[in-house]
Each structure stands twice: as C-alpha cells, then as structure tokens.
Amino acid sequence: MNFDHALFILQGTLVNVTYALLAGSLAFFISFFLLFSPFKYFKLAYLSIFRGTPLLVQLSFFYFVLPQVLSIHLSVFTSGIICLTLNSTAYMLASLESILKSIDTSQILAAQTLQMTNKEIKRYIIFPQVLKTGLSSLGNEWINLIKESSILSFIGEMDLIRRFQLVSSETYSYLEPLFVTGFCFYITILFFSLFLNFFEKKYLC
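Residues numbered from 1 in each chain as written. Predicted model: local features only at pLDDT ≥ 70, side-chain atom pairs only at ≥ 80, totals over all residues. Heavy atoms only, no water.

Visitor: Tell me about the nonpolar core, residues and numbers included.
Guide: Grouped together as the largest cluster of nonpolar side chains are 50 residues, with contacts concentrated most on Tyr19, Phe28, Phe32, Leu84 and Val130. The residues contacting Leu84, other than those within four sequence positions of it, are Tyr19, Ala23, Leu55, Leu145, Glu148, Ser149 and Leu152. (Core = buried A, V, L, I, M, F, W, Y, C linked by side-chain atoms within 4.5 Å. Buried < 20%, exposed > 50% of the residue type's maximum accessible area, 1.4 Å probe, protein only. Contact = heavy atoms within 4.5 Å.)

This is the structure we're talking about:
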C-alpha cells in the first residue's frame, strides 16, 4: 500500500464525521421535541421499534424496501442521514427520559406553589436540568455515531470502511489498509472525546 492509498482511506474520515455531526445534531433536537411532546404511545412504539431492531435492518428498509413498496427512491446520503438520525434519536430520547424521571418532584411542586405555568416549569426548571445532565450521554451518542456510520458502506457510501475494502481488493493486502482505517477511527473518536471532556469541565461544572 502506497501513500496515495493511505490518503484515499484518510479522506473517508470526513464522510463519517459529516454523517455523525449532521445526524447527531438532528437527533438532538428531535429527541428534546419528543421528550416534551404529549404523544406517549407514539414514543413507546418509536423506542420499541428503533431500539429493538438492528441498524442494518433499518438502513435496508430505507434504501432497498421503500423504492419497492412506495416507489420512493432515496439517495445513499439521504437514506444514511434518515436512518442514523432516527436510530440515534431513539437512544437519546431514552436517555433523556431516564434523566427526566430522576428530577426531584418537590421542585415541580414548589414551582406550582409559585403559580408557574406548565410551560414555565418545563422551560425554567426541567429543561435546563435535563440538558445539563444529559449532555454527557448525548455526547457519547455522537461518538457512537462515528462508529455506527461505518455501516453505510453496506449501501455503497465512500466512507472509511468502503475505502478500506477498495484498497484491500486492489492491493491484495489487508493489514496496512486496516491499520490506517482503525487509526483514522481512533484519532477521530479521541479528538471528539477530548473536546467533550473539555466542554463539560468548562461549561457544565
């Protein structure tokens, strides 16, 4: 494997990071919207489906099944973003709900005594606490998305894994391309982890 091969694999890092950042950001806002929405049974069904089925099955549904059933043809990028966003939303929502349940009810009772409306209670008491406590776990979900985005090679996305496969098939060598691919994942995740730790210490402590 030469330098051009290594550079070709390295460029796939941007693909994985793009998916992780975009899908993670969308999932972040959608999970908070669903958290405070009144659609209880919808949320239960949503969590059950997306946490109870493999990500590969979900990706296959959006990319392969929809064109056959509904004649909706989605691009690789669109299918990947939708799938990763919906899957990540389910895990973020589950994490936020557990945090919401842990909030001391005496705070809500005190706010009601002060005649605060439900909207004000959610905005000034519940939301800040859920956000501060949940940022750590939500940040970990962003990191997981970097690794989970590697599944997009299954539908032909030119991410790190797909580029590793192409280089390996061309050079008939697996050790060096795999090392470069693993190194790219490791460094990217390490950078994100350090950034999240810095952010938590500076703004949340």
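On we go from here.
Visitor: Before we move on, can you summarise the packing of aromatic side chains with the specific residues and values?
Guide: For any two aromatic rings, the description comes down to two numbers: the centre-to-centre distance and the angle of the planes. Across all of its chains, the model carries twelve aromatic pairs by this definition. With a centroid separation of 5.8 Å and an interplanar angle of 25 degrees, the aromatic rings of Phe28 and Trp142 are classed as stacked. Here Phe28 is found in helix H2 (residues 12–35), whereas its partner Trp142 is found in helix H7 (residues 118–148), with 114 residues between them in sequence. By the burial criterion, Phe28 is buried, and Trp142 matches it. Considering the side-chain rings of Phe64 and Phe154, the 6.0 Å spacing of their centres and the 80 degrees angle between planes classify their relative orientation as edge-to-face. Placement of Phe64 in helix H4 (residues 55–69) and of Phe154 in the loop between H7 and helix H8 (160–171) is noted, with a sequence separation of 90 residues between them. By relative accessible area, which is 40% here, Phe64 ends up partly exposed. Cluster of aromatic residues (ring-pair linked, three or more members): Phe28, Phe29, Phe32 and Trp142. (Phe/Tyr/Trp six-rings, centres within 6.5 Å; stacked < 30°, edge-to-face > 60°. Helix = DSSP H or I, 4+ residues; strand = E, 2+ residues; numbered from the N terminus.)

Visitor: Tell me what's going on with the layout of surface pockets, and back it up with residues and numbers.
Guide: In this structure, the largest pocket occupies an estimated 390 Å³ of space. In terms of lining residues, the largest pocket is bounded by 16 residues, among which Leu35, Lys43, Glu97, Leu100 and Lys101 are the most central. Sorting the residues of the lining of the largest pocket by element identifies helix H3 (40–52), helix H5 (76–102), helix H6 (105–113) and H7 as the ones contributing at least two each. With four residues, H3 is the largest single contributor of residues to the lining of the largest pocket. Looking at side-chain class alone, the lining of the largest pocket contains nine nonpolar, two polar and five charged residues. The computed volume of the second largest pocket comes to approximately 260 Å³. Along the walls of the second largest pocket sit 13 residues, with Leu135, Trp142, Phe195, Leu196 and Phe199 positioned nearest its centre. Contributions of two or more residues to the lining of the second largest pocket are made by H2, H7 and helix H9 (175–204). (1 Å grid on protein atoms, 1.4 Å probe; cavity = no way out; pocket = protein on both sides within 12 Å on 5 of 7 lines; lining within 4 Å. Points joined across faces, edges and corners; volume = space filled by probe spheres on them. Nonpolar A, V, L, I, M, F, W, Y, C, P; charged D, E, K, R; others polar.)

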